[in-house]
Amino acid sequence: MEKQQSMAKQPPLPSLSLQEWEALLDDFGSGSPARCARWLPLPLLDLALNAFLRRDFASHLKPLLLLFIDDLLSSPTSAPPPSDSLPPLFDALRSLLLSSSPSASDPSPTPAAALLRDQFMTTAVSAAVSSLDAPLDASSAALLEPLVEALLTVANRPNHGPDRQSRAAACECLRELESGFPCLLADAAGHLWVLAQAERTHVAQSYLLLLATVVRDIVLRPGEPEGDQAGSGVPLGAAAGPDTGRHHGAGLDLDQHRWRAGAARADGRGAPEDAFAGEDERNIARRLALMAREAHQPLVFRLLALHWLLGSPRLGKGKDSLAPLAPRFYPGVFDPLALKAKKLDALACIAASLDTLEMRKKGEEDGRRALIVKLFQDGLVCISAYKWLPPWSTETSVAFRMLHKFLVGVIPHRDDCSEEPQLVFLMDSTIFSTLQSMLVNLALEHHGLVLVIGIFIDQLLKCKGHQSVGERLLQKLDEHLLPKLEMGYRLTSYFPIFERIAENDTIPPHGLLELLMRHIVSISVKHGPNSGLSLWSQGTKVLGICRMMLKHHHSSRIFLPLSRLLAFICQCFPDLEVRDNARIYLRMLVCIPGKKLRLVLNLGEQPTGVSPSPHPGSLFQVPSPRHSENIKMSGGVSSYIHLERVVPLLVKQSWSLVLPKSNMEDNTEASHVVGISDISISPSAESDKDGEMNFERISYIKEPLRVMDANVAEILGVLRKHFSCIPDYRHMSAIKIRIPCTLRFESEPFSHVWGDGSSTFGSEKGETLPAMYATTISFSSTAKYGKISPFRVPFLLGEPLRNRYDIVPAGNSFEEDSSHRASVNIELEPREPMPGLIDVAIKANAENGEVISGRLQSIAIGIEDMFLKASIPPDIEEDEVTGYYYDLFHALWEACGNSANTGRETFPLSGGKGAAAIHGTRSVKLLEVFLDSLIKNVEKHLASYVVSVIGDPLVNIVRNNGIIRDVVWENDAEAFVAHDVNALVPYSENLPLQLPYFDEQGDAENLSPVSKRTIGTFIILIFLPPRFHLLFQMEVGHSSTLVRIRTDHWPCLAYIDEYLESLFYT
Amino acid sequence: MPSSSPCSIRALWILSSQDNVAFSRRFPVVEKRWRLACARENERSESVSVQPLLPTDPELVSAFSERKRREGSAQGFGIRLAESTQGSDSWVDDPITRHIISLSIKREGSEEEFMLWPLVLHTKGSYYIIILPFVEPQQFKAYEKLCTRSDCGGSVGEEHSLSSLLYNLPCITGAIMVAHTVGDIITGDVVDPDVVISSSASVGGLLDSLTGSIGISARAKPVAASVAASSTSGASAVGAIAMDASKSTFRPIDKDALLTFLSSSMPFGTPLDLDFAHVSVIKANGFSSSDLPPAELKQPAWKPYLHKGKQRMLFMIHEMINAAMYDRDEIPDSISITGQVNCRADLEGLPDVSLPLSGLKNASMEIVSFHYCVQVSEHGDDKQALMFSPPLGNFVLMRYQALCGPDPPVKGFYQLSMVSEDEGAFLFKLQLMEGYRAPFSMDFCTVSMPFPRRRVLSFDGNPSTGTVSMTEHSLEWKIVTSGRGITGKSIEATFPGTIKFFPRTIQRGPSLPRSVSRNTVEEDTHSDAEQDTSNNTLNIEETLMEKMNKDLESVDLEEPFCWQAYNYAKVSFKIIGGTLSGMSIDPKAVSIYPALKAPVELSMQASSGEYILWNTLGKCPSTVSPKVY
């Protein structure tokens, strides 16, 4: 009453309605600052206190109001300063306590009202502790004083019947204050002692705890810094006095046995070592183990008990003390899987402790090993269902987790990285040997688990510390599993393991490749009539493995077996697509140097994922015959108008290598493909900027100084001269190549469509033939051929009709008749020497004025179309030409073979703006053709590119034939070969490729017999527009010829291989 | 001041299954302590700072649902699988991370993110109770390091393992206790232990004894029996995919009760007394001037009220038997008994009761826990004497385990053989109560054959005794029915028959993500394996099994194994008049100080927990039982 009057004297507060209060509490309850913001300008604390003290205020909101005050005053951001907030709060508390004081004549309050009052005390203390900082300064202490007084007053009535709960609450409040501000109650200690002695109701505990806290703080007081000291303070029990020990702890202890375990923990840490006799320790360990077996306990406690056992520094570290408990850690049938997993951890821990170095030294090998194996196997039984349950079952996860724990337990992860010597220790361990044979058997017997085994190994492979363990396991699988596998469709289940073996270059690939060979042979032979899809899938999977091998191994290592496998697949496998893909891989293996090959293969790679199905489509552009189909369907012109190459292609090109440039990782790799770099700060942001101008500008500007010998200087001189004749196609017209074609059309179908009956030419007679006027043929291509200008044919007569059954003479007589055939030249300006297709469109007028238009069959461009002779600088006289070519060949040969001297050099191109750099690549190709045939073919197709012929026998033959002329004839066959011992090198720069052409191991020594057998050598220099070169050095033998190839445009190797095959084998 | 008490709680949230915050509470005093500790820690170490932050309710909710999404369920994988991501709980690779979780909190309106750990997660009914206890910042950092390390998964022997971290965190235990109590309160599962005298209804709990003595009618008795309720339910989960929550129907939280409980039992965030019965009785009754304290002794904390009226002592021994019966030479049956002694002491004043136990060794008995009022005065291998000052009402005096009693009360075998994909022949041969003499009486005994993945079409066959009924997914054979129990005799029961199922349709429920995704496996095996089975000479049983297993769901880690993968029969029974372990109490040996005249009564019963007869002809899960304990 009194209080309310005093409040009324203050300036009137805005009051909130019940609804507003509800909204306010709701907003604050949500924790969203935005929603609270609108209330913050109000004097919230005063409003809340005012409302709380009102008797007519909704009673169900009062507890919430207290929580609100608590939150408000403890918020680090929005709380008012304590000097403003605490006094009104304490005033309110005092008035509340006074109004319900037992000395007042009121009857004792209802339990609910008493509860509310206790909660208010709590709120006040909570606000004080959270808003004032310890240690208290004078002003804060003064602030607190009324609160302490009020609480002591409440506590000061021991054994009073009705308000015992309030007294307990007051004690708890005081204890919290004492904890927050140590020694706050030091002066009252004596008084508290008396109270604690006197209290006999069940709340005596609160008095004792309060007293204990105060006493402890007094003990610790003298200038002790806060922190660790206080943390390991005197146990409550010890401070609480002898006569009070019996009942006080119950509430805190939560549960007796848990308390004991907790005590074990606390004492193990804080007390001197001998506080626990060994017996006690064993008892506690037993008890914890027992608790893990208590089915009525919540699972989390059972798990926690195991953790305590394993984590205790005394039990876990001195692991021996756990060993006797092993039987207690055996999982029970009805233990939840989580618990089984944790118990298996404990068994793993014990097994690991038996496998330590000391234990190994101790001897008793057999017994020790047997025990480890027994623990391991017994443990596995508990989750044995994983063997036949599906691989995604929880049992499987738990089982493999156990394998991991057992394995890794022997050498756990450590912070330092000195794992290596430790690994040997692990590989020697009983567990490792048990596990590896177990995995082999598991994989053999339960093919469904192979994938899981793979994932298990991956886990180790990804770990820095245990990578070599994973590798070792893979090696074991390679050694022991592979030979035992049976051929057949089941083998597919093992592909996850094969993939990992293929990926890992620590494992020799021969075993796997042989297995795959047998597999392919067996399914090629045994397949049934309806197994098409399955064959495809099997073949594709095998190719997937091959692809991985290509990616992860050095070509030299896999060359022989892999090429055999691929060769077999592309010849004998029943599925067409698989055969095709195998051919592509084989070609890649043979033609593309290893390092680049791996780069190429990596491009289409998904970041992760198990399915390694090869996607040649992303890498190879297979020109589709789509156009012609469309044309045929619409009865298109291509069925009777024909544009054909005059010289048919040797190779029916069906694919071309497409090199995505933008995402090349390695810039230098990328640039040599493109190869031209700008010299000046050329403003050449021109037409073909996209992708083709990825230049090494920096390397040019900051060219390092080098010492050059005369030889190198000479080579450079030759090269500079040569390159200065090559036009830079970006700034001037490029080198053109011409593809001569003929255009003709068939009269009958043409008239049928265009001529109609009104044709001026009668169809019966030879002279009445249809004609096309003002024909324009335009070309386009997806290949990089630059702009191809259209070709015009003013007039063309149709081919005379021919009886279908006419016998056409071999030398077709119409050929020469130019009125029936128009010759059409397609002129390309290749940006890159590559095969491709040229799409052809035609437009013409028919006699009746109708416009004929449509697409014709595409024209295939082969690599051989790109072959040109190198251009000759203007200052070279005619008789110097052979010598010039000879020098140029050698300069280029040197430059493409060894980039040490020329690699960083750039060669300005004609036009003065661009420059080229040479990045050479070498390759070899063995041609198994006889001498005559070889010479004949060279003379027929390559004669104009031959620069030199070396070696008497060969020179004699070729000279006699007289086809090859104007070349340098040399006699000393050895001279050139001898200084080129390194010729048989590498697809990769770092490792010698041991090409096994003549011998399994094909070493450098084996070269001499090669040259002995050689009859002579052709030296061939081919220029590939726009600025590349292809160099052959054919070491001609009687029955075989070794072609050493060098080029500064490695992608062309892919086509050259095919070209050479077509050239000499057909 | 650093934590001098074993457990302080910074905050508590209760989330509904729809991820709304049903209740939340923060404890500013503890939070202040955390802020101080963080400041100290950040001063001490310059490397990684600890953030003294608490999430708002919406922040917590979104972090929790994010975790649920990432970890497959609210509890998470618990062990490291292929899907596990670095920095998440399952990366730590320990099943306890299903109960002690971390959350990554995104601050609303900013990119800032901070981690919260340890959060004790307890799922009860349709609610998630999440409790954040106070730990030292170094401990928090230690966990943060654990769940982000980049190796292949921890091993148990490591220096900085989760185990050694948990060992130093007593607050976890306290927080779990709080979580469980709160869970019981919000779902209304606060049940007193059963005390049954003879065969009459059980005696009520604390409130009843109070209200009874003042003459108020007792409240309705909760139905569930406590012993059965706390056991892991295996068969009950059969047929239903064990998902988090959603097990019990929705019921709104009694916020008032919860608030009262929290403010009385942990006013500042530090639990003082978690006995909800006490809190609610005191709230309902309060104390009057007539409640005088005892003249000389101090009243223990667990006994706020003293008994007045008729005096008596009741003991009840309740045992539960779990059995896996194999009927195979290579696998021994596994039988275990867990038991508890429930007690009620209506005694005036504050007497001490002494109870000697003997014959422990014979029964291979191990006592696992006592009520906190018990003091064990002497104990040896075979003998144990308990001294306790009993609280008011029913309480569990002690719990124990026994390995082997006499012969199990139901023996025999169950065989089921599939003759085709949809038809099977089965045979039961059982022996009941063999060797159990007179006071033992079997109240009921039922055998059920669950077929959670097949729909039963029909069955054929007559049991030698009892009746058989059929449900959609099971057959139930009532051998002994309640009211016609058998006493002092043994019976033999056989049941040969055949069962037919509807043709199988593949039905897939939501599956938990597992280390091996089903799709990868199926894609791989589908086309190729089909070819194979035709020319493979597996027997029909195995072929069927393989087919069945294709759409088998993986179970939760809380299950002992994938029940659905097996054929078995589950036996339920209740035996009164004795215990299976041989454990007993001699009423005459019970003594009370100061001496009181109070009759002591004892009752005993045993019931089945998981009592499984595995199909002798099929696969079955088993474990190795070590010889020595």
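Thresholds, definitions, all that
Residues numbered from 1 in each chain as written. Chains lettered and ligands numbered in written order. Predicted model: local features only at pLDDT ≥ 70, side-chain atom pairs only at ≥ 80, totals over all residues. Heavy atoms only, no water. Contact = heavy atoms within 4.5 Å. Buried area = accessible area lost by both parts, 1.4 Å probe. Salt bridge = Lys/Arg side-chain N within 4 Å of Asp/Glu carboxyl O. Polar contact = N/O pair within 3.5 Å; in protein donor to acceptor, adjacent residues only side chain to side chain. Nonpolar A, V, L, I, M, F, W, Y, C, P; charged D, E, K, R; others polar. Helix = DSSP H or I, 4+ residues; strand = E, 2+ residues; numbered from the N terminus. Phe/Tyr/Trp six-rings, centres within 6.5 Å; stacked < 30°, edge-to-face > 60°. Buried < 20%, exposed > 50% of the residue type's maximum accessible area, 1.4 Å probe, protein only. Lys NZ or Arg CZ within 6 Å of the ring centre and 35° of its normal.

1. Some points on the interface of chain A and chain B
Facing 134 residues of chain A, the contacting portion of chain B comprises 138 residues. Summed over both sides, the interface between chain A and chain B buries roughly 12100 Å², with carbon and sulfur atoms accounting for 62% of that surface. B:Asp93 is the partner of A:Lys405 in a salt bridge, and the nearest nitrogen-oxygen pair spans 2.9 Å. On inspection of chain A and its partner chain B, the count reaches 28 residue pairs in polar contact (both at pLDDT 80 or more). Taken together, the residues of the side of chain A that touches chain B sort by class into 59 nonpolar, 41 polar and 34 charged.

2. Here's the deal with unusual backbone geometry
For the bond from A:Ala134 to A:Pro135, the omega torsion is -10 degrees, close enough to zero to count as cis. Looking at the element boundaries, A:Pro135 is found in the loop between α7 (111–131) and α8 (138–155). Along the chain, B:Trp117 connects to B:Pro118 via a cis peptide bond; the corresponding omega equals -5 degrees. Turning to its location among the elements, B:Pro118 is positioned in strand β4 (residues 113–124). A positive phi is found at A:Ala774, a non-glycine position, where the angle reads about 45 degrees. The residue A:Ala774 is located in strand β6 (residues 771–780) in this model. Positive phi, close to 55 degrees, is recorded for A:Asp966, a residue that is not glycine. Within the fold, A:Asp966 resides in the loop between α42 (952–961) and β15 (968–970).

3. Observations regarding the packing of aromatic side chains
For any pair of aromatic rings, the description consists of the separation of the ring centres together with the inter-plane angle of the planes. Scanning the model with the defined rule gives 40 aromatic pairs over all chains in all. Aromatic pair A:Phe28 and A:Phe68: ring centres 5.0 Å apart, planes at 70 degrees, arrangement edge-to-face. Of this pair, A:Phe28 sits in helix α2 (residues 18–30) while A:Phe68 sits in helix α5 (residues 62–74), placing them 40 residues apart in sequence. Their ring planes at 65 degrees and their centres at 5.6 Å tell us that B:Phe561 and B:Trp614 sit as a pair that is edge-to-face. With B:Phe561 in the loop between α12 (540–549) and β21 (568–576) and B:Trp614 in strand β23 (residues 600–614), this pair connects stretches of sequence that are 53 residues apart. Exposure remark for B:Trp614: the relative accessible area of 1% places this residue in the buried category. The cationic tip of A:Lys62 hangs over the ring face of A:Phe52; the distance from NZ or CZ to the ring centre is 5.6 Å. When the ring centre of B:Trp91 is taken as origin, the NZ or CZ atom of B:Arg80, which lies over that ring, is 3.7 Å away.

4. Describing the pattern of salt bridges
All chains considered together, the criterion is met by 54 salt bridges over all chains. A salt bridge links A:Arg175 to A:Glu172; the nearest nitrogen and oxygen atoms lie 2.9 Å apart. Within this pair, A:Arg175 and its partner A:Glu172 are both found in helix α9 (residues 164–180), separated by three residues, close to a single helical turn. For A:Arg175, a relative accessible area of 14% gives the class buried. Of the charged contacts in the structure, one is a salt bridge between B:Arg26 and B:Asp57, with a shortest N-O distance of 2.8 Å. Of this pair, B:Arg26 sits in strand β2 (residues 21–26) while B:Asp57 sits in helix α2 (residues 57–71), and the two are 31 residues apart along the sequence.

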